[in-house]
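# Structural features, examined
Each chain, letter by letter, is given below.
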Amino acid sequence: MQEVYNKEIMPGVELTCIHTLKFKTGCLSMTLLVELDKKTASMNAMLPDVLRRGTARFPNMESLAAELDDMYGARIVPALRKKGEIQCLGFYADFPDDAFLPGREKVLERTAGLMGEMLLSPATSGGRLRPEYVDTERENLISDIKAEINDKRVYASRRLVELMFKGERYGINTMGSLQEAEKITVHSLTKHYKELLATSPMRVFYCGAAKHDYVERVVREALSGLPRAAVRPVPETHVPDSDSTAQARYVTERMDVGQGKLVMGYRLGEAMRRPDHAALMVFNAVYGGAVTSKLFANVRERLSLCYYASSSVDRLKGAMFVSSGIEFSKYQEAMDEIERQLEAVKNGEISKSELEGAKKAVVNALYSALDEPGGLESLYLDKSILGLSIEPEDLAAMAALVTAEQVSGIASHAKLDTVYFLTGEERDA
Amino acid sequence: MLKLSEYGRIGECVWHEVLPNGLKLFVVPKPGYKKSMAFFAVNYGGADRRFDTGEGWVDTPAGVAHFLEHKMFDVEGAENAMMTLSGRGASANAFTSTDMTAYHFESTDMFSENLELLLKFVSTPYFTQESVEKERGIIAQEIKMVEDDPDTAVYYGLLRCLYREDPVRDPVAGTVESIQDIDSQVLYMCHRAFYTPSNMVLVVVGDQDPARVRETAVEVLPDYNAPAAERDYGAPEKEAPENLHASSNMEVSAPIFMAGIKTGESRKGQDSLKFQYTASLALSILMGSSSPLYNNLYSQGLINDTFGFDIESTAGVSYLTFGGESRNPEQVCLRVLDEAERLITTGLDPDLFIRRKKAFYGRELRGFNSFDSVCYNIAVAAFDGYDYFKSSEIIESVTSEDVRGFLAKYMRPELLAISSVNEIER
């Protein structure tokens, strides 16, 4: 097991350190947790991009990039993620471990320092974020929002989420909306930025060869200018009870594409009252999350309907999504088969090999994530947001004990909510 | 005999041997890791379409190497190997590129059994006409999925500008039409021609016993040492592109472009690695994120963070590419060529050159964290005949003059082709 150290080092700033000698590089991330909100989502999305344009000491990208090159190609990249109804924004860095560099380079210290500068002392003019940076990054955000259409699989999934969770925070795009993005000004963004620093809970994660007392010292130093006011609690994700009378909604949209994209959204309802995380993971692997799953074996292998058909479960929101790329004409056939396979799981038609395969896939994925710096970072951020007290290794051990009854129990609560189909243009015959 | 090579500077070592049947074997120890990875690769890909079977030259349809990859997972009298591996919790996959087909898995349990199965199914072809028929439907959907991807479209648009008839012009998976001609006979023929141990590499990364890996390879794989079929990519093409422009319209939010220049035939041995690093350094100094040009173009809104560049060396050819989203690709290309001209005339900023080399060293080091990347790079190096673990020394050896020489030789306006994908006009 890896050596894990966890501590609140400043008001609302929680540091997690994993000491390991396995990797050639260290990894450090600083993440602000903000409630997803229509009004602020676009500002949150673009903020890291504006901050990494320049700091007081390195006022443009060229001088910043030169500093990073000098730190043996350390990378500090803006990170924007959605976890349930929380928008996570900040920076993720990886950098060579000192042990493999000529001389004592102190790259961790320099990386933490530079990341702190990006967060706390950006390049400004007249006390505000620089207008030219805000302008370009607003344009970039707008083009990123528009660019979602380029990857049809991603686009179809986003559309489903938008439709299914209309009126819920979960339905808000991580990048916000064009309308809100266009409204952002230097003034509004600067004001919002200052408020975020003062009030948002922050998670700092490190893994690498350094010892935790040293990491704590350099992170404290890097964040010493953090102007904390009353820090908000970590936002919660609302999981509504399922409405047993509601009918599923079906939405079809057309575009000039060669392949149809089918996405189906389910709510897990009561299965989320006291969520059993290990069982949720195994359920997903049995149904559509693994190669041994029912969806892969039937929709792809048996019926050759598609190249991919898979499910994913959001354990924060209690939602499941099934996604597949199919011929336009196979819409009904594919949908029926996807539903039929879920029925089979509900009815407990789970073979020993399906269950074993699913459990092993979950265990393997958890263990493998422990062998990658990025995997570890993501696991521990999830753990912190979910409020889980168990370590990933324990979660793996619990997954290995999940029974077929637990799996069909979760399936029995799954209720189809919305179906989205992206299909080709109607053409004249 | 397995031999151990140690590379103290980067903290790596590797056990390696060429077995009597010609298989190149590598085992990279990774103590402390739970997962292990095995990567079994054939020097055979999408461009290897015309070859000598020993009984004469044959032409095979576009997409056959990729089709073969899909079908290799079938096992006679047993379930599909992908299912067996997945059932044991391993995460298995395969891919086909222009010049390589690779089968790999990563697992935290039952490694030896998984390795044995991997070696067995890849070396034992078993196809029926029925199973080939069924796969055609799945692959057709895969092809259609990729055809909807604008990045792929802009890339093949460029290759079709650069080359007149070289097989790299065709998508690796072929087209829905070209795969119609593939049957079990063709698949058996291609397997026989290329899936011979002397044309293959096995890489294992993880906390595994090298002697045991070797033993499994010797037991499972054929013991004869036969060469792979001779292949033909056609005559070398001229230096200038076949066409200067290509464009198409798709459902995209903003126009994207990719520009490219042919950089001669692919190189072999240590030269290949040196050329790659020289080219990468040259391109990054010219237009990488720490270059003055990148920052000017970015500030002026001519490029955004989708901008990137690459140097490719595959199946007898090599070429450089750069591109991303832009409203004005011609302007970006002009500025790139002007900046190249300036660097050629006035020389490189020595500080920038040194910093870029440091950054490259860090990037190589980072690559050793990733089992995928270690396996892939060792396989490429083995096929091209160089030592991947010497990369940091090669980076060190590249001089400012090498970089200038590269720019002067290739960054010329008459060599450049531009492919673009634009919005659909309504």
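Residues numbered from 1 in each chain as written. Chains lettered and ligands numbered in written order. Predicted model: local features only at pLDDT ≥ 70, side-chain atom pairs only at ≥ 80, totals over all residues. Heavy atoms only, no water.

## Topic: the overall build of chain A
Using the following cut-off: Strands here are runs of E lasting at least two residues and helices are runs of H or I lasting at least four, both read from the DSSP assignment and numbered beginning at the N terminus. This radius of gyration counts C-alpha atoms alone. The globule rule is 2.2 Å times how many residues there are, raised to the power 0.38. Contact definition: two residues touch when any of their heavy atoms are within 4.5 Å. A 1.4 Å probe and the Shrake-Rupley method give the accessible areas. Residues count as covered only by the protein chains that appear here.
Secondary structure assignment for chain A yields 15 helices and 13 strands. Taking 2.2 N^0.38 as the reference for a compact globule, 429 residues should give roughly 22 Å; the C-alpha atoms of chain A span a radius of gyration of 23 Å, in line with that estimate. C-alpha atoms of chain A, sized along the principal axes, occupy 60 × 55 × 40 Å. Contacts spanning at least 24 positions in sequence make up 81% of the contacts within chain A whose residues lie at least 6 apart. With the model as given, the accessible surface of chain A reaches about 16900 Å², and the carbon-plus-sulfur share is 50%.

## Quick notes on the sheet that holds strand β9 (residues 249–254) of chain A
All names here are of chain A. Which entries qualify depends on this criterion: Strand pairing is assigned whenever DSSP identifies at least 2 bridges connecting the two strands. Note on geometry: axes are lines fitted to C-alpha atoms, helical ones only across the stretch in contact, with angles between N-to-C directions running from 0 to 180 degrees.
Read from one edge to the other, the open sheet built from 5 strands follows the order β9-β13-β10-β12-β11, with strand pairing classed as mixed. Whereas interior strands pair on both sides, the edge strands pair on one side only; in this sheet they are β9 and β11 (306–314). Averaged over all pairs of adjacent strands, the angle between strand axes in this sheet comes to 15°, irrespective of strand direction. In this structure, strand β10 (residues 260–267) lies alongside strand β12 (residues 319–326), joined through 8 bridges in antiparallel fashion. Considered in β12, the bridge of V263 is made with S323. Sheet strands in contact with helix α9 (residues 277–289) are β10, β11 and β12, and its direction is about 160° off that of β11. Against the sheet, helix α11 (residues 331–346) engages β9, β10, β12 and β13 (415–423), with an angle of about 30° to β10.

## A closer look at the interface of chain B and chain A
Inclusion rule: Buried area is understood as the total, over both parts, of accessible area removed when two parts are fitted together, assessed with a 1.4 Å probe. For this document, the term salt bridge refers to a Lys or Arg side-chain nitrogen within 4 Å of an Asp or Glu carboxyl oxygen. Polar contacts here mean pairs of N or O atoms no more than 3.5 Å apart (in protein, one a potential hydrogen donor and the other a potential acceptor; neighbouring residues in sequence count only if both atoms are side-chain atoms).
If you look at the interface, chain B gives 58 residues, while chain A gives 60 residues. Roughly 5200 Å² of surface becomes buried between chain B and chain A when both sides are summed, with 52% attributable to carbon and sulfur atoms. For the interface between chain B and chain A, the tally reads 6 salt bridges. Residue E327 of chain A pairs with K144 of chain B through a salt bridge whose shortest N-O separation is 3.3 Å. Between chain B and chain A we count 31 residue pairs in polar contact (both at pLDDT 80 or more) in total. Those elements giving two or more residues to the side of chain B that touches chain A turn out to be α2 (81–87), β8 (101–107), α4 (129–147), α9 (292–299) and α11 (350–367) of chain B.

## Topic: the sheet that holds strand β15 (residues 417–423) of chain B
All names here are of chain B. Overall, mixed pairing links the 5 strands, which are arranged β11-β15-β12-β14-β13 in an open sheet. One side of each edge strand has no neighbouring strand; the edge strands of this open sheet are β11 (245–250) and β13 (308–314). Each adjacent strand pair in this sheet contributes to an overall mean axis angle of 20°, direction not counted. Two strands pair when backbone bridges link them, and strand β12 (residues 256–265) and β15 are joined in this way by 5 bridges, in the antiparallel orientation. Across the sheet, the residue bridging to I256 is V421, located in β15. Across the sheet, helix α10 (residues 329–346) touches β11, β12, β14 (317–325) and β15, and the angle it forms with β12 is around 40°.

## A word on the pairing of β15 of chain B
The side chains of a regular strand alternate, first on one face of the sheet and then on the other. All names here are of chain B. How we decide: The buried label goes to any residue with under 20% of its type's maximum accessible area, the exposed label to any with over 50%, and the partly exposed label to all in between, with areas taken from a 1.4 Å probe on protein chains only.
Taking burial as the measure, the 7 residues of β15 include 5 buried ones, the bulk of the element. Bridging between β11 and β15 involves 6 bridges; their strand directions are parallel. Bridged to M250 within β15 is E423.

## Structural notes on the packing of helix α1 (residues 41–51) of chain A against helix α7 (residues 186–199) of chain A
Residue and element names in this part refer to chain A. Selection criterion: Note that the term roughly parallel is reserved for angles under 35 degrees, roughly antiparallel for angles over 145, roughly perpendicular for angles of 65 to 115, and oblique for everything else. Nonpolar residues are Ala, Val, Leu, Ile, Met, Phe, Trp, Tyr, Cys and Pro. Charged residues are Asp, Glu, Lys and Arg, and all others, Gly as well, are polar.
The N-to-C vectors of α1 and α7 enclose an angle of 90°; their axes lie 11 Å apart at closest approach. As judged from the angle between their axes, α1 and α7 are roughly perpendicular. Between α1, through M43, N44, M46, L47, V50 and L51, and α7, the contact on the second element is made entirely by S188, L189, H192, Y193 and L196. Partitioned by chemical class, the residues of the contact of α1 with α7 number 8 nonpolar, 3 polar and no charged.

## Re helix α5 (residues 152–164) of chain A
All names here are of chain A. Selection rule: In this analysis, the expected span of each helix is defined as 1.5 Å times one less than the number of residues it contains.
Taking 1.5 Å of rise per residue, the 13 residues of α5 would be expected to cover 18 Å, and the 18 Å separating its terminal C-alpha atoms lies within 8% of that figure. Among the residues of α5, those classed as buried are K152, Y155, A156, R159, L160, V161, L163 and M164. Contacts made by the buried residues of α5 are with β4 (75–83), β9, β10, β12 and β13. At the N-terminal end of α5, a side-chain oxygen is found 3.1 Å from the backbone nitrogen of R153, two or three residues along, and the residue is D151.

## Describing the domain arrangement of chain A
Residues and elements named next belong to chain A. Cut-off, in case you're wondering: Note: domain ranges come from an automatic or database domain assignment.
According to the domain assignment, chain A consists of domain 1 (3–222) and domain 2 (249–423). Taking only C-alpha atoms into account, the centre of domain 1 sits 29 Å from that of domain 2. Listed as interface residues are 34 residues of domain 1 and, on the opposing side, 38 residues of domain 2. Between domain 1 and domain 2 the total buried area reaches about 3000 Å² when both faces are included, carbon and sulfur atoms providing 67% of it. On the domain 1 side of the contact with domain 2, R153, L160 and M164 bury the most area, a combined 21% of that side's loss. Put simply, domain 1 and domain 2 have 7 salt bridges between them. Ionic pairing is found between D382 and K83, a salt bridge with its closest N-O pair at 2.6 Å. Residue assignment for the side of domain 1 that touches domain 2 shows that the elements contributing at least two residues are β2 (13–19), β3 (25–35), β4, β5 (86–96), α5 and β8 (202–208). Top element by residues in the side of domain 1 that touches domain 2 is α5. It accounts for 10 residues. When the residues that make up the side of domain 1 that touches domain 2 are grouped by side-chain class, the tally is 19 nonpolar, 5 polar and 10 charged.

## Quick notes on the domain arrangement of chain B
All names here are of chain B. Partitioning chain B into domains gives domain 1 (3–231) and domain 2 (245–423). Taking only C-alpha atoms into account, the centre of domain 1 sits 28 Å from that of domain 2. Between domain 1 and domain 2, roughly 3600 Å² of surface is buried when both sides are summed, and carbon and sulfur atoms account for 75% of that area. Our count for the contact surface shared by domain 1 and domain 2 stands at 0 salt bridges. Summed over the shared surface of domain 1 and domain 2, the number is 7 residue pairs in polar contact (both at pLDDT 80 or more). Where the side of domain 1 that touches domain 2 is concerned, the elements lending two or more residues are β2 (12–18), β3 (24–29), β4 (36–42), α5 (150–162) and β9 (200–206). Ranked by the residues each element gives to the side of domain 1 that touches domain 2, the list is headed by α5, at 10 residues.

## A short note on the pairing of strand β7 (residues 91–96) of chain B
Residues and elements named next belong to chain B. Only one face of β7 is covered, namely the face carrying A92, A94 and T96; the face carrying S91, N93 and F95 is uncovered. The pairing of β7 with β8 spans 6 bridges and is antiparallel. Following the sheet pairing, A92 is matched in β8 by F105.

## So, the packing of helix α12 (residues 352–369) of chain A against helix α14 (residues 392–399) of chain A
The relative placement of two packed helices is expressed as an angle between their axes plus a distance between the axes. Residues and elements named next belong to chain A. Running from amino to carboxyl end, α12 crosses α14 at an angle of 170°, the nearest separation of the two axes being 9 Å. In terms of their interaxial angle, α12 and α14 are classed as roughly antiparallel. Across the interface between the two elements, K359, V362, V363, L366 and Y367 from α12 touch P392, E393, L395, A396 and A399 from α14. Broken down by class, the residue content of the contact of α12 with α14 amounts to 8 nonpolar, no polar and 2 charged.

## Structural notes on the packing of aromatic side chains
All names here are of chain B. Cut-off, in case you're wondering: Pairing of aromatic rings covers Phe, Tyr and Trp, the last counted by its six-membered ring, and requires centre-to-centre distances within 6.5 Å; plane angles under 30 degrees mean stacked, over 60 mean edge-to-face, and any other angle means tilted. The criterion is that NZ of a Lys, or CZ of an Arg, lies within 6 Å of the ring centre and within 35 degrees of the ring normal, and then a charge sits over that ring.
All chains considered together, the criterion is met by 29 aromatic pairs over all chains. By way of ring pairs, the aromatic residues Y44, F51, F73, Y103, F121, F194 and Y195 are connected into one cluster. The ring of F275 carries the charged tip of R267 above its face, separated from the ring centre by 3.5 Å. Positioned above the aromatic ring of F360, the side-chain terminus of R363 is 4.3 Å from the ring centre.

## Topic: the side chain of R267 of chain A
Residues and elements named next belong to chain A. For R267, the location among the structural elements is in strand β10. The class of R267 is buried, set by a relative accessible area of 14%. Here the side chain of R267 touches E168 through a polar contact of 2.7 Å, side chain to side chain. Not counting residues up to four positions away in its chain, the partners in contact with R267 are M164, F165, E168, P240, G318, H413, A414, K415 and D417.

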